[in-house]
Amino acid sequence: MEAPVEHMSLLADQVMGLMLLILVASMIALLSQRLPRLPYTVALVLAGALLHQLSSDIPVLHLLTDFELTPELVLFVFLPTLIFESAHNLDARELQANLLPVLTLAVPGLLLSTAIIGGIVYLVSSFDFIVCLLLGAILSATDPVAVISLFKQLGVPERLTVLVEGESLFNDATSLVLATLLLGVAVSGEFSSDTVFGGAGRFLLVFFGGIGVGALFALATAQVLGRIDAVPVVEISLTTVLAYLSFLVAEHTFHVSGIMAVVSAGLIMGSYGSSKISPGTVEYMEHFWDYVAALANALIFLLVGMQVDMAGLWANLDLILWVALAMLISRAVVIFGLVPQLARLPNSEPVSRAYQLVMYWGGLRGAIALAIVLALPDVGYKDSLIAIVMGAVLFTLLV
């Protein structure tokens, strides 16, 4: 009986730790209400770092710090919730009207950012060029959660929200696929024209295959919802199943982009699918997804703070500063160089300079970058890349 008792004790500690994390996140939310100049996500990261430092002196805090921000936790627990909520709340018509700038930022913009960051890091570091490109791909995925929450408070124009959040939704998938392809090249050591063209074909298959899987699941779910007469528990549960099942089936059954599957499913459910949901359930559903997304976001940033390795950051401080500069330069080239060119295309509405400035400073890095770098195989440069990416994420959050 000792083994089951030990297992129950471990499970009890994990549940207790999770409840304490939620309690800390709630207290930080109250504090940020009283200190409006301190962004909530920044406060969470700082609180997480403080808890990590205090855990050596206060034994009970080990219940919190024993939690780790693993790539599996980010990709399979937090990410479907965050992406589905964002996609579900996006105005599909506004996204369609701004699809060209969004896709330009998410695909060619991300490729350009990857090349610029990788090139600068290659000049100032001892990493191989392909490893520098891998780092560039990891750090080109934007995660403007803090910015979007601020947008909601300020009531900014819908177009600006769509541009910033739409870019993030699409370039998360682009970054993950590109990083996977570059990692394969880095591990195998083979780079040729066949690799490039094969990678491009694989990218298109993974990207659009994910969209197709998500669309099929969303349309099927919408048909089922249309046959249910005002049962909020069932309707909300079906959207939850849709978010996770579309991700898992896309990733593990069809080996396409789970992120794009969830984006596609969320967009369809937020537009076509909403007409199939009972009117009385709509408000409940909005509150539910707002809550679970806010909770996932809070736990991620708390765990980021608790995982900060000050020794690793200090040892790689010079490279982190170069990477931060490279990110600022690449972001400037993409936003102020690439986006204005879209106005020359037919039927394209120009993006104003004011919007461009907000998009430039709204290019924060977060969960996706950390998940990708933490999921890297145990190669010689992994620890350094983790420290650099962690430093870069903290830079965008704090600065």
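In short, a report on the structure. (Residues numbered from 1 in each chain as written. Predicted model: local features only at pLDDT ≥ 70, side-chain atom pairs only at ≥ 80, totals over all residues. Heavy atoms only, no water.)

Time to look at the overall build of the protein chain. Scanning the protein chain for helices and strands turns up 19 helices and 0 strands. Against the compact-globule benchmark of 21 Å for 399 residues, the protein chain has a radius of gyration of 21 Å, which places it among compact chains. Considering only C-alpha atoms, the protein chain reaches an extent of 60 × 60 × 45 Å along its principal axes. Across the 399 residues of the protein chain, 50% fall into the buried class. (Helix = DSSP H or I, 4+ residues; strand = E, 2+ residues; numbered from the N terminus. Rg over C-alpha atoms; globule rule 2.2 N^0.38 Å. Buried < 20%, exposed > 50% of the residue type's maximum accessible area, 1.4 Å probe, protein only.)

On to the side chain of glutamate 165. Tracing the backbone shows glutamate 165 in helix 10 (residues 158-188). By relative accessible area, glutamate 165 is classed as buried at 11%. A polar contact of 2.8 Å, which involves the side chain of glutamate 165, links it to the side chain of serine 86. Those residues in contact with glutamate 165, other than ones at most four positions away along the chain, are Ser86, Leu90 and Ile148. (Polar contact = N/O pair within 3.5 Å; in protein donor to acceptor, adjacent residues only side chain to side chain. Contact = heavy atoms within 4.5 Å.)

In this section: a nonpolar patch on the surface. Together, Leu112, Tyr122, Leu123, Val124, Phe129, Trp322, Leu325, Ile329 and Val333 make up an exposed nonpolar region whose accessible area comes to about 790 Å². Breaking the nonpolar patch down by element, the ones donating at least two residues are helix 7 (108-124) and helix 16 (317-338). Leucine 112 gets classed as partly exposed once you look at its relative accessible area, which sits at 31%. (Patch = residues over 30% accessible without salt bridge, like charges linked within 9 Å, V, L, I, M, F, W, Y side chains within 5 Å. Areas by Shrake-Rupley, 256 points an atom, 1.4 Å probe, with all protein chains shown as cover. Salt bridge = Lys/Arg side-chain N within 4 Å of Asp/Glu carboxyl O.)

The next point concerns unusual backbone geometry. Most peptide bonds take the trans configuration, and most residues that are not glycine carry a negative phi. With phi around 50°, alanine 230 is a residue other than glycine that occupies positive phi space. Tracing the backbone shows alanine 230 in the loop between helix 11 (193-225) and helix 12 (232-253). Even without being glycine, histidine 255 reaches a positive phi, approximately 55°. With respect to the helices and strands, the residue histidine 255 is situated in the loop between helix 12 and helix 13 (258-270). On the basis of relative accessibility, which here comes to 49%, the residue histidine 255 falls in the partly exposed class.

Next up on the list: the packing of helix 12 against helix 14 (residues 279-306). Direction vectors running N to C along helix 12 and helix 14 enclose 45°, while the axes themselves pass 10 Å from each other. Comparing the axis directions of helix 12 and helix 14 gives the class oblique. Read as a crossing pair, helix 12 and helix 14 show a hand that is right-handed. From helix 12, Pro232, Glu235, Ile236, Thr239, Thr240 and Ala243 reach across to helix 14, where they touch Thr281, Tyr284, Met285, Phe288 and Trp289. Here the contact of helix 12 with helix 14 is built from residues that sort into 7 nonpolar, 3 polar and 1 charged. (Axes fitted to C-alpha atoms, helices over the stretch in contact; angles between N-to-C directions. Parallel < 35°, antiparallel > 145°, perpendicular 65-115°, else oblique. Left-handed = near helix turned anticlockwise from the far one by under 90°. Nonpolar A, V, L, I, M, F, W, Y, C, P; charged D, E, K, R; others polar.)

What follows concerns the side chain of serine 168. Mapping serine 168 onto the fold places it in helix 10. Taking the relative accessible area as the measure of exposure, serine 168 reaches 6% and is therefore buried. Not counting chain neighbours up to four residues away, the residues in contact with serine 168 comprise Thr142, Asp143 and Pro144.

Time to look at the environment of leucine 134. The residue leucine 134 is located in helix 8 (residues 129-138) in this model. Residue classification places leucine 134 among the buried residues on the basis of a relative accessible area of 0%. Once the C-alpha coordinates of leucine 134 and leucine 183 are considered, the two residues, 49 residues apart in sequence, prove to be 6.6 Å apart.

Applying the stated rule across the entire model yields 9 aromatic pairs. When the centroid spacing of 5.3 Å and the interplanar angle of 80° are considered together, the rings of phenylalanine 288 and tryptophan 289 count as edge-to-face. Under the relative-accessibility criterion, phenylalanine 288 is labelled partly exposed at 28%. Ring plane angle 40° and centroid distance 5.4 Å describe the contact between phenylalanine 336 and tyrosine 360, whose orientation is recorded as tilted. Here tyrosine 360 lies in helix 17 (residues 353-361) and phenylalanine 336 lies in helix 16, a separation of 24 residues in the sequence. Taking the relative accessible area as the measure of exposure, phenylalanine 336 reaches 26% and is therefore partly exposed. Among the residues examined, tyrosine 360 registers a relative accessible area of 13% and is labelled buried. Connected via pairs of aromatic rings, a cluster forms that spans Phe170, Phe203, Phe207 and Phe208. (Phe/Tyr/Trp six-rings, centres within 6.5 Å; stacked < 30°, edge-to-face > 60°.)

Turning our eyes to something else, we now look at helix 18 (residues 367-374). Counting buried positions over the 8 residues of helix 18 gives 8, a clear majority of the element. When we look at burial in helix 18, the residues that qualify are Ala367, Ile368, Ala369, Leu370, Ala371, Ile372, Val373 and Leu374. Tucked into the core, helix 18 has its buried residues touching helix 4 (71-89), helix 8, helix 10, helix 13, helix 14 and helix 19 (382-398).

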